[in-house]
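If you want the building blocks of each chain, they are given just below.
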Amino acid sequence: MAADSMEIDDSLYSRQRYVLGDSAMHQMAQSSVFLSGMGGLGIEMAKNIVLAGVKAVTLHDTKQCETWDLGSNFFIRQEDVLSQRRRVEAVCPRVAELNPYVHCVILTEARLSLQKRVNEFCHSQRPPIRFIGCDAFGICVRVFCDFGEEFEVSDPTGEEPKEIFIQSITQDNPGVVTCMDNQPHGLQTGQGVVFREVNGMVEVNGTTQPVSGDTSQLQPYTHGGFFVMVKTPKTYRFETMERQLHDPQVLTPDFSKPEAPLQIHAAMLALDNFQEQHNRLPNTGCLQDAEVLLKLTEEVNATLRNKAPVNTELVRCLSRTARGTLPPLAAAVGGLASQEVLKAITGKFAPLQQWFYLDAIEVVRPLQSVSAEEFSPRGDRYDGLRACIGESMCVELHKLRVFMVGCGAIGCEMLKNFALLGVGLGKSSGEVCITDPDLIEKSNLNRQFLFRPHHIQKPKSTTAAEATHDINPDLQVDAHLNKVCPATENIYNDSFYSRLNLVVTALDNVEARRYVDSRCLSNQRPLLDSGTMGTKGHTEIIVPNLTESYNSHRDPPEEEIPFCTLKSFPSVIEHTIQWARDKFENLFVHKPSMYNSFWQTHSSAEVVLQRMQAGESLEGAFQVIKLLSKRPSQWEHCITIARLKFEKYFKRKALQLLHSFPLDTRLKDGSLFWQSPKRPPAPFDFDLNDSLHFTFIVSTARLFAGIYNISYSEKDLSEEAVTRVLADVKIPEYRPSEKCIETNEAAKKPDSTKMPLSSEEEREAITQLEQAIATDSVTAERLQVIPLQFEKDDDSNGHVDFVTSASALRARMYAIEPADRLKTKRIAGKIIPAIATATAAVAGLVALELIKVVGGYEFESFKNCFFNLAIPVVVLTEPAPVKQSLIRDNIYFSIWDCWTIFGHEDFTLSDFMIAVREKYGVEPTMVVHGVKMLYVPVMPGHSKRLKLTMQKLIKPSVDRRYVDLTVSFAPEADGDDDLPGPPVRYFFSRNGETP
């Protein structure tokens, strides 16, 4: 079967398709990968590659399962160790279980000398076999890529080209293109663009032009048009490992340490030499071995063309930890290396050239003075970890009490890391509490590796807890099904947070992150946040009194599409998709919900009629009665409504617009009304032979049947049956209206339920309701409908069919390039593209920071990260340090500060203000609780409140121990503004207990 004709299981791969595209998915489904070595790094890569959907993965390994492996390989179990199974035999069926589309066979592992020989062979083949070498020794990891002398990449960045509208084009060499609203184009020299719909300088239309082009001999530009960047393939050249060893081309992840990659390169090559000479790795904590490795590093460094000073501290740490494993480091680099595998077999995204090095020296640096005994093996699953971070740190991880919000893709990866690190062991009084209200969907299985097909429609949190227990039976996991929001503060209260050591978020939306951050800030708890979008990922580490919080920075809000653009003047496909999505919400969600709500409030149609006849205005009555009078009772009526909607949306709307604004309409300045980005609509007639027309009619009718609980058969959906019904539909004659069409981009969508009715509309509503009552149409059943909820991942429900067909028809009406179903589904469903490689990487990076938080490390040790595996780029930076704000007289505060005042039953507002002044040395001038102003001197009557008790002013609930008050303070000079300060936590009793 040809690759392009292969069917992609969208219900499983939809999120990944948005990252890689169908061409790359087809190539993966026909590709074979050989993977040698089933240690911590190898199993991470196997997991990610198999989840991606590669056709065949050959796993190779020569070792037996040992207790040590339980701490680094999440697919090896205690019974595998006891039965002395080979590692590859143990992991193979569990890897294969991840993806029913992938076939796994068994395969080995190698030292650098063997890697070089294999690489030479791969490079010499025609076509070359893509080669990737990966190693993890203690705190250091490396990735090497060689994809041959010429490796063509179809799409180096994966970014979707945008349509940029044109303001003007000069006749010059080179010609200067000015973008509409001075929008940045993001183009670089050497790239090409395609111009479309340009008026005047028509020669540029439809041709690929270089970014720097000559327009001096072309006709003058008049108006309109846009351009789109053309993706051009790029060829990358690689050298063999042997050639690269002495002059390596490296990626630099931490710009504060630009020399680090070359230092790690020299140290790890020296470690390879150490193994060749001694047939072993350096012994943990052996000072003699460390000195030997240091000498070897100096010798290696002397042979490098491009070199950095030997990092003695790094070499000694590598020597001490080389026998150990840091599972999070393997996860982070395994994610990056797995993405390189996918690049090698698809040609999608820019490959790594050619080395990537990363160290975790910040994790172990504070442990250098610890005795060697701390790192000695104890014969359990944590020996590999212990060799890196020591026994005391392992014990602290075991005792940890963690709260993780979210059990999706990142949540699953974090739980795996917790299991391998031994975070939250029951026998050590530790615990991992997790919560997620969602159920498992098939689309989750492509990234959320703890879940299997038989888990679909089971809760994520409880299922993830069980799967994690399989990896480490000692882990204590308490799984909840709650959202973390103000409504659940009775569960996740201050007492709950006081028992925690830290919080981890694995969320997919900003508002939830902001809320959790506010709770961590209020309760002085560290927060580890991360997120991904396609191949991009970020981590943010928030530590009390050291860093700023998540809420300290705010991204600019997403630009909303103006109401008039959506309603009448779409210019790009995103506008027509949003219009179609809004139509779905209005027709099948909002109106049915409003209908139900109205009749629940006004249960009797007769009473509603009497009140309207008496001249009373009932909100929403006109819309509800209109729905009641037009309510279909059988399938044929649903088809009729769909046909009338087609006429309204795709013919009459265009006719009305062209009636209001004919094609030759000009603005006050003499320019044409219909010029870019405005596009004049072109009405079209209904044609049943057009598959798009047919899809719109059927999908719309099905949705109306759904909300009105009308049954239909498969036969009713046939073209023959639909044609028969449509033949009897009478289309009313079109008469243009003189209504005003909104053209102001600042105007907001009006609320139709609150708009005043004309007397004609009132009379029409009364007449329709009278008729409905007279014909016994107002039954209890007819006063209820079934609102829908947009479900993007169920292809059988017709939701995406409706949005896709409606959007495509509107795009056709406005001469906009339509989007296929896949793109429409992504935009309409607000789907975040996702892939397992990025998810594994962010979770690994977060877990490394977790170790530092537990160790109480200094600010300089912590790292935030941003990466884009597509380019690839990895950037490690220090978190933003906490800011100290001056109140006055050397009194400072930060976001982490919270002043406290303990009161009692008779404690007055005046007592509170005196207590603040005496304890903190500044005079309060204003006190606010939430949105309620307790004391503002200029407000009438507020001075009398000073004698009132805090209990009476605040009126706390019976179980409320305290409230956080916003207090302003007196400025140093009269006339200046009041000064902000930290929140003041007022306890209602002297001991802080419930009064």
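Residues numbered from 1 in each chain as written. Predicted model: local features only at pLDDT ≥ 70, side-chain atom pairs only at ≥ 80, totals over all residues. Heavy atoms only, no water.

An unreviewed UniProt entry lists the protein chain under the name Ubiquitin-like modifier-activating enzyme 6, from Etheostoma spectabile. The annotation that UniProt attaches to the protein chain under Subunit (unreviewed entry) is "Forms a thioester with UBD in cells stimulated with tumor necrosis factor-alpha (TNFa) and interferon-gamma (IFNg)." (UniProt positions renumbered as here; feature names shortened; annotations may be inferred.)

K.L.:
Just give me the short version of the sheet that holds strand β7 (residues 163-169), but keep the residues and values in it.
P.N.:
Pairing within the open sheet is antiparallel, and its five strands lie in the order β8-β7-β11-β9-β10. The open sheet is flanked by β8 (177-179) and β10 (208-210), the only strands paired with a single partner. On average, each strand axis in the sheet is tilted by 45° relative to the strand beside it, whichever way the strands run. (Pairing = 2+ DSSP bridges. Helix = DSSP H or I, 4+ residues; strand = E, 2+ residues; numbered from the N terminus. Axes fitted to C-alpha atoms, helices over the stretch in contact; angles between N-to-C directions.)

K.L.:
I'd love a proper account of the packing of aromatic side chains, names of residues and values included.
P.N.:
Tallied over the full model, the rule gives 47 aromatic pairs. On the numbers, 5.5 Å between centres and 85° between planes, the contact of F588 with F802 is edge-to-face. Here F588, found in helix α19 (residues 573-601), pairs with F802, found in helix α26 (residues 799-813); they are 214 residues apart in sequence, far enough to count as distant. By the burial criterion, F588 is buried, and F802 matches it. Their ring planes at 90° and their centres at 5.1 Å tell us that F598 and W599 sit as a pair that is edge-to-face. Above the face of the F375 ring, R320 is positioned so that its terminal group lies 4.3 Å from the ring centre. Across the ring face of F569, the terminal group of K678 is positioned such that the distance to the ring centre comes to 5.2 Å. (Phe/Tyr/Trp six-rings, centres within 6.5 Å; stacked < 30°, edge-to-face > 60°. Buried < 20%, exposed > 50% of the residue type's maximum accessible area, 1.4 Å probe, protein only. Lys NZ or Arg CZ within 6 Å of the ring centre and 35° of its normal.)

K.L.:
Explain a negative patch on the surface residue by residue, including any values.
P.N.:
Among the surface-exposed residues, D438, E441, D508, E791 and D794 lie close enough to one another that they form a single negatively charged patch. Relative to the helices and strands, E791 resides in the loop between α25 (759-774) and α26. Using a relative accessible area of 33% as the deciding quantity, one classes E791 as partly exposed. (Patch = residues over 30% accessible without salt bridge, like charges linked within 9 Å, V, L, I, M, F, W, Y side chains within 5 Å. Areas by Shrake-Rupley, 256 points an atom, 1.4 Å probe, with all protein chains shown as cover. Salt bridge = Lys/Arg side-chain N within 4 Å of Asp/Glu carboxyl O. Lys, Arg positive; Asp, Glu negative; His and termini not counted. Charge placed at Lys NZ, Arg CZ, Asp CG, Glu CD.)

K.L.:
Quick one: what's the story with the side chain of N797, residue by residue and with numbers?
P.N.:
With respect to the helices and strands, N797 occurs in the loop between α25 and α26. At 3.4 Å, the side chain of N797 forms a polar contact with the backbone oxygen of D794. A distance of 2.9 Å separates the side chain of N797 from the backbone nitrogen of H799, its partner in a polar contact. Contact partners of N797, with chain neighbours within four places excluded, come to R702, L703 and E791. (Polar contact = N/O pair within 3.5 Å; in protein donor to acceptor, adjacent residues only side chain to side chain. Contact = heavy atoms within 4.5 Å.)

K.L.:
Hey, could you go over the packing of α19 against helix α27 (residues 821-828) for me, with residue numbers and the actual values?
P.N.:
Running from amino to carboxyl end, α19 crosses α27 at an angle of 65°, the nearest separation of the two axes being 10 Å. Classified by the interaxial angle, the pair formed by α19 and α27 is roughly perpendicular. With respect to the hand of their crossing, α19 and α27 are arranged in right-handed fashion. Judged by residue contacts, I573, E574, I577 and R581 of α19 engage K823, T824, I827 and A828 from α27. Tallied by class, the residues present in the contact of α19 with α27 amount to four nonpolar, one polar and three charged. (Parallel < 35°, antiparallel > 145°, perpendicular 65-115°, else oblique. Left-handed = near helix turned anticlockwise from the far one by under 90°. Nonpolar A, V, L, I, M, F, W, Y, C, P; charged D, E, K, R; others polar.)

K.L.:
For the domain arrangement of the protein chain, give the residues involved together with the corresponding values.
P.N.:
When its domains are assigned, the protein chain resolves into domain 1 (12-156 + 235-253 + 325-361), domain 2 (163-230), domain 3 (374-553 + 831-873), domain 4 (571-615 + 623-815) and domain 5 (884-987). On a C-alpha basis, the centroid separation for the pair domain 1 and domain 4 is 53 Å. (Domains from an automatic or database assignment.)

K.L.:
With reference to specific residues and values, describe a nonpolar patch on the surface.
P.N.:
A surface patch of nonpolar side chains, about 290 Å² in accessible area, is lined by M933, V938 and M939. Relative to the assigned elements, M933 resides in strand β27 (residues 932-935). The class for M933 is partly exposed, based on a relative accessible area of 38%.

K.L.:
Hey, could you go over the environment of I832 for me, with residue numbers and the actual values?
P.N.:
For I832, the position within the fold is in the loop between α27 and α28 (836-854). Taking the relative accessible area as the measure of exposure, I832 reaches 31% and is therefore partly exposed. For I832 and A360, which are 472 residues apart along the polypeptide, the C-alpha to C-alpha distance reads 30 Å. Excluding anything up to four places from it in sequence, I832 contacts R15, D508, T532 and M533.

K.L.:
Tell me what's going on with the sheet that holds strand β5 (residues 140-146), and back it up with residues and numbers.
P.N.:
Spatial strand order, β4-β5-β14-β13: four strands in an open sheet with mixed pairing. In this open sheet, the two strands that pair with only one neighbour each are β4 (131-137) and β13 (250-251). By the bridge criterion, seven bridges tie β4 to β5 in an arrangement that is antiparallel. Bridged to F131 within β5 is D146.

K.L.:
Outline unusual backbone geometry, listing residues and values.
P.N.:
Cis geometry marks the peptide bond from N173 to P174; its omega dihedral reads 0°. Tracing the backbone through its elements, the reader meets P174 in the loop between β7 and β8. Cis peptide bonds are those with omega within 30 degrees of zero, and the linkage from I871 to P872 qualifies with -10°. Among the secondary structure elements, P872 is positioned in the loop between β21 (864-868) and β22 (873-877). Residues other than glycine seldom take positive phi values, yet N709 does so here, at roughly 55°. Take N709: it is sitting in the loop between α23 (691-707) and α24 (719-726). Of the residues examined, N709 reaches a relative accessible area of 61% and is grouped as exposed.

K.L.:
Hey, could you go over the environment of E719 for me, with residue numbers and the actual values?
P.N.:
Looking at where E719 falls in the secondary structure, it is placed in helix α24. Placed 30 residues apart in sequence, E719 and N689 show a C-alpha to C-alpha distance of 9.4 Å.

K.L.:
Break down the pattern of salt bridges for me, with residues and values.
P.N.:
Once the charged atoms of two side chains with opposite charge are near each other, the side chains can pair. Under the counting rule described, the total for this entry stands at 55 salt bridges. Across the pair R378 and E391 runs a salt bridge whose closest N-O atoms are separated by 3.7 Å. Here R378 is found in the loop between α12 (361-364) and α13 (383-399), whereas its partner E391 is found in helix α13, with 13 residues between them in sequence. Here R378 falls in the partly exposed class, since its relative accessible area comes to 39%. Note that D690 is salt-bridged to R812, the shortest N-O span being 2.6 Å. You can see D690 sitting in the loop between α22 (635-660) and α23 and its partner R812 sitting in helix α26, a full 122 residues away along the chain. What you see here is one network of salt bridges that share partners, running through D10, R15, R17, D22, D793 and K825.

K.L.:
Any chance you could break down helix α6 (residues 112-124) for me, citing the residues and the numbers?
P.N.:
Taking 1.5 Å per residue, 13 residues should reach 18 Å; α6 reaches 18 Å between its end C-alpha atoms and fits that length. The set of residues buried in α6 consists of L112, Q115, N119, C122 and H123. The buried residues of α6 occupy an angular sector of 90° when projected down its axis, which confines them to one face. Structurally, α6 contributes buried residues whose contacts are with β4, β5, α7 (241-244) and α8 (260-278). (Expected span 1.5 Å × (residues − 1). Arc of directions from axis to C-beta.)

K.L.:
So what about α27? Which residues, and what values?
P.N.:
Counting buried positions over the eight residues of α27 gives six, a clear majority of the element. Every buried residue of α27 is listed here: L822, T824, K825, R826, I827 and A828. In this structure, the buried side of α27 is in contact with α1 (10-20), α2 (22-28), α19 and α26. Once α27 finishes, K830 follows within two positions and takes phi at roughly 50°, a positive value.

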